[in-house]
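Inside the fold
Given next are the chains, with one letter for each unit.
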Amino acid sequence: MSVSSESQGGSKDTLLWGLVFIILVAAVGGNWWVGKHFNDVNVALRALGVLAAIAGAGILAIRTTKGKATVAFARESRLEVRKVVWPTRQEAIQTTLIVLAVTAVMGLLLFMLDGALVWLVNLITGV
């Protein structure tokens, strides 16, 4: 039997995720508390403190099993994006114009169908 990825991290991951949660709650609560009790503290300094706490929580989150998997996924995604053959500007404009034209035609057809159905219902009900 294989072990699920949920249980591979164990108590270390649980501890790290708990610390991440505590740091994030402390960042929000600390920002609120400093803003409420110390009006002379610069907002930019408070924001810098919150960003530092978020960065610290991110570093801890990356050390977990799910964090490592997320980083690996991001790296693989970046490699895949580099392999994509992107359309030229002219191809993108032409495709956009085609989509707009088809949308306009479908909108007109639905408008006419709606009008025909309203006419038919009025004819049947006499309203």
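Residues numbered from 1 in each chain as written. Predicted model: local features only at pLDDT ≥ 70, side-chain atom pairs only at ≥ 80, totals over all residues. Heavy atoms only, no water.

1. What to know about the confidence of the model for the protein
Taken residue by residue, the protein gives an average pLDDT of 90. The fraction at 70 or more is 93%. Taking the mean pLDDT of every element in the protein, the minimum, 51, falls on helix α1 (residues 5-8) and the maximum, 97, on helix α5 (residues 89-125). (pLDDT = per-residue confidence, 0-100. Helix = DSSP H or I, 4+ residues; strand = E, 2+ residues; numbered from the N terminus.)

2. Digging into the pattern of salt bridges
All chains considered together, the criterion is met by one salt bridge. Its salt-bridge partner being K83, residue E80 comes within 3.4 Å of it at the nearest N-O pair. Placement of the pair is E80 and K83 together in helix α4 (residues 65-83), with a separation of three residues, close to one helical turn. For K83, a relative accessible area of 60% translates into the label exposed. (Salt bridge = Lys/Arg side-chain N within 4 Å of Asp/Glu carboxyl O. Buried < 20%, exposed > 50% of the residue type's maximum accessible area, 1.4 Å probe, protein only.)

3. What to know about the UniProt feature "transmembrane region" (unreviewed entry) in the protein
UniProt records the feature "transmembrane region" (unreviewed entry) for residues 15-35, 41-62 and 97-121 in the present numbering. For residues 41-62, the helix share is 91%, the strand share is 0%, and the end-to-end C-alpha distance is 31 Å. Secondary structure across residues 97-121 divides into 100% helix and 0% strand, with the first and last C-alpha atoms of the span separated by 36 Å. (UniProt positions renumbered as here; feature names shortened; annotations may be inferred.)

4. What to know about the packing of helix α2 (residues 10-37) against helix α3 (residues 43-62)
Close contact between α2 and α3 brings their axes to 9 Å; oriented N to C, the two are set at 175 degrees. As the angle between them shows, α2 and α3 are arranged roughly antiparallel. Judged by residue contacts, L16, W17, L19, V20, I23, L24, A27, N31, V34 and G35 of α2 engage R46, V50, A53, I54, A57, L60 and A61 from α3. Broken down by class, the residue content of the contact of α2 with α3 amounts to 14 nonpolar, two polar and one charged. (Axes fitted to C-alpha atoms, helices over the stretch in contact; angles between N-to-C directions. Parallel < 35°, antiparallel > 145°, perpendicular 65-115°, else oblique. Contact = heavy atoms within 4.5 Å. Nonpolar A, V, L, I, M, F, W, Y, C, P; charged D, E, K, R; others polar.)

5. Re α2
Under the 1.5 Å per step criterion, the end-to-end length of α2 is 40 Å for 28 residues, consistent within 8% with the ideal 40 Å. Looking at the buried positions of α2, the neighbouring elements they touch are α3 and α4. (Expected span 1.5 Å × (residues − 1).)

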